[in-house]
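# Examination of the molecular architecture
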Amino acid sequence: MGILYPHVVRDRASLCGGRWRDAGAFALLAFLVHLAWPASTLAEPAPPTPEPQTPAAPTPAAPRPAAPTPAAPTPAAPTPAAPTPAAVTQPTPPPELPAVTKPPTAPLAAPPTAAHAGARTTELLPIPRLTGPIQLDGIPDEPAWQAVTPVSFTTHWPEFGKAPREPTEARIAHDERYLYVAFRNGDSKPDTIKVTTLKRDSIDFPSQDLNCVLIDSFNDNENSLAFYTNPAGVRSDGAITHDATVTPALVSDPNFFWDVVTHRDAQGWSSEFRIPFSTLRYNVVDGKVTMGIILYRMIPRLAELSTFPAIEAAYNPGRPSKSRDVTLDGVPHWTPLYATPYLMGGYGTFTTLDATTMAANKNHQFPREIGGDVKYGVTSNFTLDATINPDFAQVEADSFQINLNRFNLFYPEKRSFFLERAAVLEVPLEGNDRLFYSRHIGIVGTHQVGIYGGLRGIGRFGDWDVGVMDLQTQDFSGVAPSENMGVVRLRRQVIDDTSYLGGLLTTRIGNNGSRNTVGSVDSGLHLSGDTYLELNLAHAWWRTEPTMDAPATSAGGHAIDDSFGLLRIERRSSKGLLYNAEAARSGPGFVPGLGFLERTNFARFAGRLGWGWSDVGNFRSQTLAMSSTVYTSNVDDSLQSALVTPTWRGRTKAGAGFGVSATFDRENVAKAFPLSDKVSIPAGHYSFASGTLSYSSPTDQTFSYQPQLTAGQYFDGKRLAPSLIMAVRATEHLVVSGSYTLNYIKLDAGQPTFVSHLGLVRLLVMLNAQLSLTTFAQINSIKGSTLVNARLRYNPSEGHDLYLVYDNGHSYDDRDPTLNQQTFLLKYSYTFDLSQ
């Protein structure tokens, strides 16, 4: 079995805080402001009277003689017998050469003006069928394309509502098998068009020129699939969840079947996307399919992002609820069937300690695995995934973390099987807390655990989202029993298309008699404008296995002690009044076996109040806010933590970012916790304050950097923590990046000075869009360890992958010899298209 996420660091310690005992009053204040503030000041600005529409932005309901729907459309491409082939990019001529022999598309229509700045229209835009064949060559010049009326773009950055400084248009069409999108990107300086990467799934936004297609295929106004390309035709994709209101909004690890081809000429560049309906999944109602679509173009040298439809800068440009509703006729049900077997083998060494002599013993292993996945579209709106003995050797190792607080560290999921449409199964609580955390499946501590197999089904039926998952893990050498882990999720839209009621059930049952079940109900209700109310309630039933030293214990009979509750009201916008207020409680017996909580047995009161501006002077956005969080213990209602954080953030129209914040912290530490094997924070009551300054350079630069400095008090001492993130995009074939963080902590209790160094250097070498090498090296001085991870990927076509993976972990000061391990792995997988 390949080594996954080696050397996960869990050093202990805590940076929380507060000097203000009554900081939680901000939560109540924000709620009262929401009730008292005139509704007219909180609503979105009324749209100005629209200008007369031009052919570039036709009235959706009007007849479209330029794109009639034929009785028997000609397919744009034959049905493939194998997975969709990789993108093919036309060679780029040198700037001094004349334009390519094929002519560009028809002249670009006049772009929209600020009059298009209104709220999202609910009128459906019909997407026409292609009237003839097209060649997927990146040049949308065929008569079938010219019969499609183009859509125009509006700037999102740096100033909303203006015409793009470079002419941009797109055409959208379909046949019975594919959705097609063609961009024409005019550029008055074609020699400045920027490509920073040739690696699959390396979006590098906003550092390079990009075209993007976002598709809310179920039109649920919360989730979208994202498809990106740069002028070199590199494919990147991912999923947007929770209406792009969480961070990160885009999960880029899952890969989908689709094609894109690009072309560059003297007028700029163009792209043609071909996305199979079998990849999208959708509901068919009365022979029609309704989806949401967002298109955008990024021009890094102008720091300009333009979108269709117009999306105000107060919102994330990929927010599904701001997409343009479109309708398609005559799209049949597709039931794709893909089978992806894999073979994996290699060699590795690892170190163990003799229990008697504590001598280090070097062990050898020859991992070899066979397994695979099957994806079956039971209907056009429900997909079933099956896996047998999955292996994740190709997944990048976790980045080191140093924990400066006394609570659990969170690591993101990176395994593609758990990421595709993962939002359906999630119930986010606050920050990283969640009721379902898929990393509990197949990972114990820092070790990968074998998975015999499992099933996962995700779909949407009318207003209902449905998700089920069940997997069986292997026994892990007495450390963890074989366990069955299951998830059932139901959710239904209510009131409007941005409100829902839902329920979640998770189970974790071990063959040693342990069990854990969590049931929950949750809701997200759209009150008005950008204001939403969330209510989550959950209860846990669990039983631990008996041991020689202790009998079995159980919980679940006490409604409050074994429960979790959360109530939150917030305004989801970055412009105008900013506020949220929240109250939450987690009982001592609430132990979510498949969830993640940073803390346990607490009550939390939190709030945020501030104001956001856009397009003021040289700044495209600014926010000034005060946030507050108070944690109390359920044991005796004593204060655990209290934090008050005033913050200012700004982003210039050139793309540079600035940040200033202060943290006033109060901590009651009931039990001492270690920062390292030599330094610890004693139990006691602490009040301290610190400040942070940050800057990020415009990311279109060849050399970009993000310095940050945190300094001030830390418990009973002082802390200085400078950090730097930087990247050198030397060419489209080479990117060098890295990060470094220093923590210098001097405590007043006569302890040694705590000094930690955390560094990472990453090297990305790309021969072409099919062959890439990713290498990174990490160092963690607290563990005295280094980690080198290298992955060579050959991806000649979608679903056809060859990986060569090398991992080397090392304890450079011999503090922990068990960190010494080395692995070479070769993994090959191929996807067979067995669709009917």
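Residues numbered from 1 in each chain as written. Predicted model: local features only at pLDDT ≥ 70, side-chain atom pairs only at ≥ 80, totals over all residues. Heavy atoms only, no water.

### Description of the sheet that holds strand β5 (residues 168–174)
Taken together, the 5 strands give an open sheet; going across it, the order is β3-β5-β6-β12-β11, and neighbouring strands pair in antiparallel fashion. Two strands bound the open sheet, and with one partner strand each, they are β3 (151–152) and β11 (259–265). (Pairing = 2+ DSSP bridges. Helix = DSSP H or I, 4+ residues; strand = E, 2+ residues; numbered from the N terminus.)

### A short note on the confidence of the model for the chain
In the predicted model, the chain carries a mean pLDDT of 83, and 84% of its residues have values of at least 70. Note that residues 1–119 has pLDDT below 50 and, in this model, 315 contacts with residues that lie over four places away or in other chains. (pLDDT = per-residue confidence, 0-100. Contact = heavy atoms within 4.5 Å.)

### Section: the pairing of strand β19 (residues 382–388)
For strand β18 (residues 368–379) and β19, the ladder comprises 7 bridges, and the chain directions are antiparallel. In the strand pairing of β19, G372 is matched with I388. Counted along the chain from β18 to the antiparallel partner β19, the turn is 2 residues long. Where β19 and strand β22 (residues 451–461) come together, 7 bridges link them in antiparallel fashion. For F382, the partnering residue across the bridge sits in β22 and is G459.

### What to know about the packing of aromatic side chains
Counted by the stated rule, this structure contains 32 aromatic pairs. The interplanar angle of 40° and the centroid separation of 5.9 Å between the aromatic rings of Y695 and Y705 together place this pair among those described as tilted. Here Y705 lies in strand β38 (residues 703–714) and Y695 lies in strand β37 (residues 684–696), a separation of 10 residues in the sequence. Judged by its relative accessible area of 25%, Y695 falls in the partly exposed class. (Phe/Tyr/Trp six-rings, centres within 6.5 Å; stacked < 30°, edge-to-face > 60°. Buried < 20%, exposed > 50% of the residue type's maximum accessible area, 1.4 Å probe, protein only.)

### A word on the environment of I725
Within the secondary structure, I725 sits in strand β39 (residues 717–731). For the pair I725 and S704, spaced 21 residues apart in sequence, the C-alpha separation works out to 8.4 Å. Setting aside residues up to four positions removed in sequence, I725 forms contacts with S704, Y705, Q706, G738 and S739.

### Digging into the side chain of D465
Residue placement: D465 occurs in strand β23 (residues 464–473). A polar contact of 2.8 Å, which involves the side chain of D465, links it to the side chain of R460. Among residues more than four places away in sequence, those in contact with D465 are D220, V424, G459, R460, R489, L490 and R491. (Polar contact = N/O pair within 3.5 Å; in protein donor to acceptor, adjacent residues only side chain to side chain.)

### Details of the pattern of salt bridges
Following the criterion strictly, the structure yields 41 salt bridges and no others. Note that D329 and K288 form a salt bridge whose closest N and O atoms lie 2.7 Å from each other. With D329 in strand β15 (residues 324–329) and K288 in strand β13 (residues 288–299), this pair connects stretches of sequence that are 41 residues apart. Classification of D329 as partly exposed rests on a relative accessible area of 36%. Each of the salt bridges in this network shares a partner with another, and the network as a whole consists of E430, E534, R568, E570, R572, E582 and R604. (Salt bridge = Lys/Arg side-chain N within 4 Å of Asp/Glu carboxyl O.)

### Things to note about the environment of P817
Within the secondary structure, P817 sits in the loop between β44 (800–811) and β45 (821–830). It is 9.4 Å that separates the C-alpha atoms of P817 and A359, two residues lying 458 residues apart in sequence. Residues in contact with P817, not counting those within four places in the same chain, are T351, L353 and A360.

### Considerations on the side chain of K827
Turning to its location among the elements, K827 is positioned in strand β45. D391 provides the closest opposite charge to the buried, salt-bridge-free K827, at an N-O distance of 4.1 Å. Within the structure, K827 has its side chain in polar contact with the backbone oxygen of D391 (distance 2.7 Å). Once residues within four sequence positions are removed from consideration, K827 is found in contact with Y342, L343, M344, D391, F392, Q394, D801, L802 and Y803. (Lys, Arg positive; Asp, Glu negative; His and termini not counted.)

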